[in-house]
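Each chain, letter by letter, is given below.
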Amino acid sequence: MAGPLTQVERVAITPEAADVVRRLRATHGPLMFHQSGGCCDGSAPMCYPRGDFIVGDDDVLLGLVDDAHPGAPSPAHTAGTPIPDDFSPVWISGPQFALWEHTQLLLDVVPGRGAGFSLEAPEGVRFLTRSRVFDDAERAWLDACPAPRGRDIS
Amino acid sequence: MAVYPAPGSSESSVAVKPRYDNWIAGEWTPPANGQYFDNPTPVTGAVYTQVARGTADDVEKALDAAWAAFPAWGKTSVGERAGILLKIADRIEANLEDLAVIESWDNGKPIRESLAADLPLAIDHLRYFAGAARAQEGGISQVDEDTVAYHFHEPLGVVGQIIPWNFPILMAIWKLAPALAAGNCVVLKPAEQTPVSILHLVELVADLLPAGVLNVVNGFGVEAGKPLASSSRIRKIAFTGETTTGRLILQYASQNLIPTTLELGGKSPNIFFADVMAEHDAFQDKALEGFTMFALNQGEVCTCPSRALIERPIYDDFLELGAIRTKAVRQGDPLDTDTMIGAQASNDQLEKILSYIEFGKGEGARLVTGGERAMLGGDLNGGFYVQPTIFEGHNKMRLFQEEIFGPVLSVTSFDGYDDAMSIANDTLYGLGAGVWSRNGTTAYRAGREIQAGRVWTNCYHAYPAHAAFGGYKASGIGRENHKMMLDHYQQTKNLLVSYSDQAQGFF
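Note that this is a predicted model, so its numbers are computed, not measured.

1. Here's the deal with the pairing of strand E17 (residues 408-414) of chain B
Residue and element names in this part refer to chain B.
- The element E17 is largely enclosed, with a buried count of seven among its seven residues.
- Where strand E14 (residues 307-311) and E17 come together, five bridges link them in parallel fashion. Across the sheet, the residue bridging to Ile 310 is Ser 413, located in E17.

Below, the structure written as C-alpha cells:
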C-alpha cells in the first residue's frame, strides 16, 4: 500500500467540460449534475439548473465541481452548510453508487446531441463520464471518508 | 446484394427537405422562434437537413391543436378509429421501402433490419391495436338484484409522448397505436438525434387523421421535451430513456398528478445452460445466434442481452463458438442489404461506448474480440461505427452493471442453476432476459425466478404486438404492447346504478 494520501476525488472535471459548465452557469444560474443510468443516454451525466431535480435522501454527493479551477482539488463540503452557487454538486443514486464507488468519474465533454433534459445539448456538445478504477490506497482513503447522502445536505 | 442510394440524392426515391418544421394541427408549422438545428446522418456524420428547434411556445401551440381536436376525436366510434389505424398501416406498408431507407439514414441501423423488422413491426402494431380496441369490452358487475356497476373505457384526453432514438418509427408507433386507438390526441416529441423518419411518416398519413389528433414538436429535451413533460395540459406522459430523466419526469408528473409510463432500460442477462451444447444441431445454432443478438441494432436496444452467463462445463467451447459467430457479423454501409451491423446513432453515443471499452480494459476485463472503433473507408469514415466487442469478466464490474447501449457484450460463467439466478438478478434493472435450455422445467423455473418483465425463452429479440413489454426494478413503470396497454391510455368510468325504488336506509 502507498503512503498517506491527500484528498481523493470521487469526481473531477476536464478543463473543456469546465468551460461549458462556466458558460451554462452564466446563462442558467447555479447548476447541479446527476449521473444517470439505464438505456439510451444512460451512463451520462445530466446537468440541470440547481433545484430542478429533487435530490433524494439516498442519493450520494460525489463531490463539488469548481469550474474556475478544474485541475485543483475539489472544494470540501461541510455537512449542514449550503453548497455555494459557483460550485456544481455531482450526485448519483444510492444503488448506482454502490456499484460505481470503486471508480473515479471524470466529467468530460464531446461534440454531440444527447437527449434527456440536460442543459448543454442545444450547444452541440454532450457531457460524458469517463471512469478509472481507484487503487488500494485511494480506496482506503475513501473508505475512511464516506460520501454524504442527500439526507445530509441542507 | 443491393445498396440503396442516399436519401436526397438524384438516384433515391426518398426526397429530403432542406428543413423540417413542426407538425401541428395537420400542417407544417415553423418554430415560434424561427430556429433550426443541424441534423446529421450517422452513416457518414454529414449534416443532411435541418429540423425545427421547438420550444415551449411550440408545445403550447401543439397542445392547443390537440385539445381542439379531442372533443370530436374522443367521441369517434372505436370502429372508425380502428379503420383509420388500419389505413395508416396500409399506407406505411405501401411505402415501406422508402420509410425503411430514411429510418436507416437518420438512425444508422442496417437497412436489412428496417426492412424486415422496424417497419413490419410498426405496421403490425397498428393492426393489432385496431383489433384490440374493437375487441375490448367494459365490465358489468351485478352488485345485487337491483344494483349494477357498469364500467366504461374513456380516453384520457391529450397525452405527451417522448420517443427514443434507437427505433424512431417503431417506438413512436408503440406509443401512438394504443393512444390513438383509445381515442386520445397526442403531442409527440421525437428524439433530437433521429427526428426525420417520424416526420416523413406523419406527412405520409396526414390525410388519414383529423387535424390536431397527432402533433409533432421537434427540438432538444431541455427546450421542448421538458415543457411537454411538465405541462399541466397533458393527462399522461410516456417516456423511454434513462433513469435520471425518468425521475425528473415523475417529479413533473407528481406536480400535475398525472399517470406516467416509463421505460428506462436494463442490463439484460442471457443465460446458457450446459445442455445447449448437448447436441450439435439446429437448437445449438439458434442458441449461438441468441448469444450474438447483443449486436442487433448496434446494441442500441433497451433489452440488449449485454450480459451472457454461460454454465461452466460448456463455458470455453460455447464462448469460442460465440466469438466466431460474432466475428461473422458483417459491418458496413447501413444502406447495403448485406450489412448486419451499422452505425451508432450519434457521435456522443460513439464516444460513450469507446470510453466504456477503454474503461473495461482498465477494470480488468479480458477483451475477447473487437474493442475498437470501426473505420470502414470513404465517406463512412465520418460515421459512427464500433466493432462488435466481447469482454470476459465478473458481474461486479461496471461493464456488467451499466447499459453501455452499444455492441459490447460482457461474459461470465456460472456454477449451476442457483448461481445463474443469483448473477442474473444481481442488477439494478429488470427489463429483459434470455434463458436457453433443452430442459423445459429448467427454462420455466428460471423464467419465473428472474426479476425481469420479459424473459425470452429459447429465443431473443422478438417483439410481437401481443406480448407485454416493460420493466421490473429501475427499468421503469408500466407496460407497452399487448392489449393491456390500452388501459394505460384510458380512464375507467363506473356508473353505479340502482334499479330499486327503496330508500337506502341511512336517513
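2. Quick word on the UniProt feature "domain: Aldehyde dehydrogenase" (unreviewed entry) in chain B
- Per the UniProt entry, the sites bearing "domain: Aldehyde dehydrogenase" (unreviewed entry) are residues 28-494 of chain B in this numbering.
- Spanning residues 28-494 of chain B, this segment combines 38% helix with 20% strand, and its end C-alpha atoms are found 40 Å apart.

3. Observations regarding the sheet that holds strand E1 (residues 11-13) of chain A
Residues and elements named next belong to chain A.
- Read from one edge of the open sheet, three strands run E1-E6-E7, paired in mixed fashion. Strand pairing shows two members of the sheet lacking a second neighbour, E1 and strand E7 (125-133), which therefore form its edges. Across the sheet, the axes of successive neighbouring strands diverge by a mean angle of 30°, strand direction being ignored.
- For E1 and strand E6 (residues 103-111), the ladder comprises three bridges, and the chain directions are parallel. Across the sheet, Ile 13 pairs through a bridge with Leu 107, a residue of E6.
- Each of E1, E6 and E7 touches helix H1 (residues 15-28); the most contacted strand, E6, lies at about 70° to it.

4. Some words on the domain arrangement of chain B
Residue and element names in this part refer to chain B.
- For chain B, the domain assignment lists domain 1 (19-264 + 475-493) and domain 2 (269-457).
- On a C-alpha basis, the centres of domain 1 and domain 2 stand 30 Å from each other.
- Counting residues at the interface gives 20 residues for domain 1 and 25 residues for domain 2.
- Of all the secondary-structure elements, those providing two or more residues to the side of domain 1 that touches domain 2 are helix H3 (96-107) and helix H4 (111-135).
- Across the side of domain 1 that touches domain 2, the residue classes tally to seven nonpolar, nine polar and four charged.

5. A few points about the confidence of the model for chain B
- Predicted confidence across chain B gives a mean pLDDT of 97, with 100% of residues reaching 70 or more.
- Here the complex is predicted with pTM 0.97, and the ipTM for its interfaces comes to 0.95.

Each value, and the rule that gives it
- Residues numbered from 1 in each chain as written.
- Chains lettered and ligands numbered in written order.
- Predicted model: local features only at pLDDT ≥ 70, side-chain atom pairs only at ≥ 80, totals over all residues.
- Buried ≥ 20, exposed ≤ 12 C-beta atoms within 10 Å, placed from the backbone.
- Helix = DSSP H or I, 4+ residues; strand = E, 2+ residues; numbered from the N terminus.
- Pairing = 2+ DSSP bridges.
- UniProt positions renumbered as here; feature names shortened; annotations may be inferred.
- Axes fitted to C-alpha atoms, helices over the stretch in contact; angles between N-to-C directions.
- Contact = placed C-beta atoms within 7 Å.
- Domains from an automatic or database assignment.
- Nonpolar A, V, L, I, M, F, W, Y, C, P; charged D, E, K, R; others polar.
- pLDDT = per-residue confidence, 0-100.

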